[in-house]
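Report on the structure
Okay, here's what each chain looks like letter by letter:
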Amino acid sequence: MPRLHALCLSLLLILSPLAAFGHAQLVAATPDDGSIVEAFPPSVTLTFSEAVAPLVLRWVAPDGSAEEVQGEARDTGLAVPAPQGRARGSYLLSWRVMSGDGHPVGGVLTLHLGAPSMHSAAPPAATGARLAAAARFGLTLAMLGALGLALHAAFIARTAAPLGRRRLGLGAALAGLGLAGVFLWSHGLDLLGLAPGEGLSAAPFRAALMAPLARTIALSGLALLLAALALRQPRPPRGLALLAWLCAGLSFAGSGHAVTAPPAALSTFAVAVHGVALVWWMGLLPPLLADLRHPEAMLRLQRFSTPALGLVALLVLSGAWLTWAQSGGVLSRLTETGWGQLLLVKLALVAGLLALAGLNRLRLTPALARGRVAPLAVSIRAEILLGLGVLLIAALFRLTPPPRAMIDTAPPILAHLHSDRVMADLRLSPGAAGPVVLELAFQTGDFSPLEPREVTLALAPADGRLEPLRLRARAGEDGIWRTEPAVLPFGGDWALSLRVLVSDFDSVTLRETLTLRE
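The shown structure was predicted, so the numbers you read here are calculated from the model rather than taken from an experiment. (Residues numbered from 1 in each chain as written. Predicted model: local features only at pLDDT ≥ 70, side-chain atom pairs only at ≥ 80, totals over all residues. Heavy atoms only, no water.)

Here we take up the overall build of the protein. Within the protein, the secondary structure is distributed over 10 helices and 18 strands. Seen through its principal axes, the protein has C-alpha atoms that stretch 100 × 50 × 45 Å. When burial is assessed residue by residue, the protein has 51% of its 518 residues classed as buried. Surface exposure of the protein reaches about 23500 Å², of which carbon and sulfur atoms provide 62%. In the protein, which carries 40 positive and 33 negative side-chain charges, the distance between the mean positions of the two groups comes to 24 Å. (Helix = DSSP H or I, 4+ residues; strand = E, 2+ residues; numbered from the N terminus. Buried < 20%, exposed > 50% of the residue type's maximum accessible area, 1.4 Å probe, protein only. Areas by Shrake-Rupley, 256 points an atom, 1.4 Å probe, with all protein chains shown as cover. Lys, Arg positive; Asp, Glu negative; His and termini not counted. Charge placed at Lys NZ, Arg CZ, Asp CG, Glu CD.)

Structure follows, in structure tokens:
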């Protein structure tokens, strides 16, 4: 047994999350969505709020034919090769990427070659996301069932579980392992934007195994196996049950929106604590309900409630922090987004749970000591029903991003810089702190076309708190000069210095102040 514990601890160190990221959102595209171009540039650049990994990039031509391409991720940008077709009309780029928290993000970018035409791209299938939410809910129920019976035998009854409960726990563990596979597959469908009928291959599994969700699946599976092993022992091993409990708690912190809320380390710890407390509370309610007529009913309730007080306090504190972090520190956002409205429903259910828990401890448990079983049984059943509602809401969170990820994209900043020899029209998008792209078009002082030999830029905050950020622009086939995506970390006034090499021996420097939104 000590060797098994050491092996499991090693697996925990390997599988526990080492880094966390945010939920990506498209903040700019070059050329812009809806642009009319006379010729495609070599590549189209999508700029996101964070680094992403491309999943599916598909061009749809005016005649409806589709062409998949391979993009190249560069920091927060994604370079997508232009379509091969040259027929005039509307070309749609259906893109799907994976953000750092493992969730897919998708959309459609429209470019018109010469003139618009009428057609649209089919949106990616949403079935995978719904299946994944259902599988997450089922996996959580199975894990709570198996872990609850193992914890009950080890810490509450302190004796081997009866044969019926052992079979029930082993059945829950087996069902959980099957649901873990469904969860992995459906997450892969969601990542690739596939309908279930299109995902009958190894591709969804390969995609999901590359995502952070693989940590959650591995830790959940390990927790289920350890719980099953604990239930099979003639004497309930506390160490094994404790390790299964820890794995279950960490599985909630393996991936997802919540663990990426900054500061990520604190949020990851809060999610793990939340999960540990949840497993104890919700997992033990069903066996405690079955114990109410047992001769040791009062003793077993006391063994449950003594640690439950501290765990519920930790659950409330960790939940409060995660609510604050996920709202981006602006609680008013909770009523403005689908995620926030789900959270408000969850908080109402949790408030009901806490009220019932207080009632049980202060009124109904003393009544049990006087032989009144029915009121406490009704209350625990109500707790279980409310707990199911909480778990369902938690599973639905994956279908909508939290408020902190909802970026209010600022309009671009437009500026005209000129001297007696060179004029430049500049566009910085989006016009706010974060990843930005700069585009420039040049003319001479008398409005004639100008083709510079080289264009470099320097951007520095006007208050001097950072050294200048130096960028190089490159000319596209459409004659527009563009920079690679750059990150301006805060808003306010930024001093721009634009150096235009007119010839091998002659350059002009233009200066302007740009004001970015926070």
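Alright, that's what it looks like, and here's the rest.
Where helix α7 (residues 264-290) meets helix α8 (residues 297-326), the closest approach of the two axes is 8 Å, and the angle between their N-to-C directions is 145°. When you trace α7 past α8, the crossing you get is left-handed. (Axes fitted to C-alpha atoms, helices over the stretch in contact; angles between N-to-C directions. Left-handed = near helix turned anticlockwise from the far one by under 90°.)

Strands belonging to one sheet form pairs held by backbone hydrogen bonds; the direction of such a pair is parallel or antiparallel. Read across the open sheet, the 4 strands follow the order β1-β3-β7-β6; overall the sheet is antiparallel. The sheet is open, and its two borders are formed by β1 (26-30) and β6 (72-74), each paired with just one other strand. Neighbour to neighbour, the strand axes of the sheet diverge by 20° on average, direction disregarded. (Pairing = 2+ DSSP bridges.)

Inspection of the secondary structure puts T76 in the loop between β6 and β7 (77-81). The contacts of T76, once residues within four sequence positions are left out, are L46, T47, F48, E50, A51, P435 and P485. (Contact = heavy atoms within 4.5 Å.)

A few words on helix α6 (residues 238-252). Taking 1.5 Å per residue as the helical rise, α6 with its 15 residues ought to reach 21 Å, and the 22 Å between its terminal C-alpha atoms agrees with that figure. Across the 15 residues that make up α6, a large majority, 11, are buried. For α6, the set of buried residues is L240, A241, L243, A244, W245, C247, A248, G249, L250, S251 and F252. (Expected span 1.5 Å × (residues − 1).)

With 7 of 8 residues buried, strand β13 (residues 454-461) is to be regarded as a mostly interior element. Taken together, the 8 bridges between β13 and strand β17 (residues 492-503) define a ladder with antiparallel strand orientation. Residue pairing for β17: E454 is matched across the bridge by L501. Sheet topology places β13 next to strand β14 (residues 469-475); 5 bridges connect them, and they run antiparallel. When the bridges of β14 are listed, T456 appears paired with R472.

Attention now goes to the confidence of the model for the protein. The predicted model of the protein averages 86 in pLDDT, with 93% of residues at 70 or higher. The spread of mean pLDDT over the elements of the protein runs between helix α1 (residues 2-15), the lowest at 39, and helix α10 (residues 374-396), the highest at 96. In this model, residues 1-22 is a region of pLDDT below 50 whose contacts with residues beyond four sequence positions or in other chains number 41 contacts. (pLDDT = per-residue confidence, 0-100.)

We now examine the environment of P489. With respect to the helices and strands, P489 occurs in the loop between β16 (486-488) and β17. Put simply, P489 and A51 are 438 residues apart on the chain and 15 Å apart in space, counted from C-alpha to C-alpha. Apart from the residues within four sequence positions on either side, P489 is in contact with A433, L466 and W494.

So, about the pattern of salt bridges. In this structure the tally under the stated criterion is 16 salt bridges. One salt bridge in this structure joins R74 and E72, with 3.3 Å as the shortest N-O distance. When its relative accessible area of 45% is taken as the criterion, E72 is described as partly exposed. The salt bridge partner of R427 is E439, with a shortest N-O separation of 3.4 Å. Placement of R427 in strand β11 (residues 422-429) and of E439 in strand β12 (residues 434-444) is noted, with a sequence separation of 12 residues between them. Owing to a relative accessible area of 24%, R427 belongs among the partly exposed residues under this scheme. (Salt bridge = Lys/Arg side-chain N within 4 Å of Asp/Glu carboxyl O.)

What follows covers the nonpolar core. Grouped burial of nonpolar side chains is what soluble globular proteins tend to show. Core analysis: the biggest nonpolar cluster contains 82 residues, and L147, L151, V279, W280, W281, L292 and F304 have the highest contact counts within it. Secondary structure elements with two or more residues in this core: α2 (127-156), α3 (163-192), α5 (213-232), α6, α7, α8, α9 (338-369) and α10. Among the elements that make up this core, the one with the highest residue count is α2 (14 residues). What L147 contacts, discounting residues up to four positions off in sequence, is A223, A227, A244, W245, A248 and V279. Core analysis: the second largest hydrophobic core is formed by 29 residues, L417, F490, L496 and L498 among them. (Core = buried A, V, L, I, M, F, W, Y, C linked by side-chain atoms within 4.5 Å.)

Tracing the sequence through the fold places S255 in the loop between α6 and α7. Only 2.8 Å separates the side chain of S255 from the side chain of T216, close enough to count as a polar contact. Once residues lying within four places of it in the same chain are set aside, the contact partners of S255 are D101, P212, L213 and T216. (Polar contact = N/O pair within 3.5 Å; in protein donor to acceptor, adjacent residues only side chain to side chain.)

In this section: the environment of L184. By the element assignment, L184 lies in helix α3. In this structure L184 comes out as buried when scored by relative accessible area, which is 10%. Each C-alpha atom of the pair L184 and R136 lies 9.5 Å from the other, and the pair is 48 residues apart in sequence.

Next up on the list: unusual backbone geometry. P31 follows T30 through a cis peptide bond whose omega is -5°. Along the chain, the position of P31 falls in the loop between β1 and β2 (35-37). A cis amide bond links S429 to the next residue, P430, at an omega of -15°. Considering the arrangement of structural elements, one finds P430 in the loop between β11 and β12. Within the chain, R158 stands out as a residue other than glycine whose phi angle is a positive 55°. We classify R158 as partly exposed; its relative accessible area is 44%. Phi angles above zero are rare outside glycine, and F447 is one such case at about 70°. Structurally, F447 can be placed in the loop between β12 and β13.

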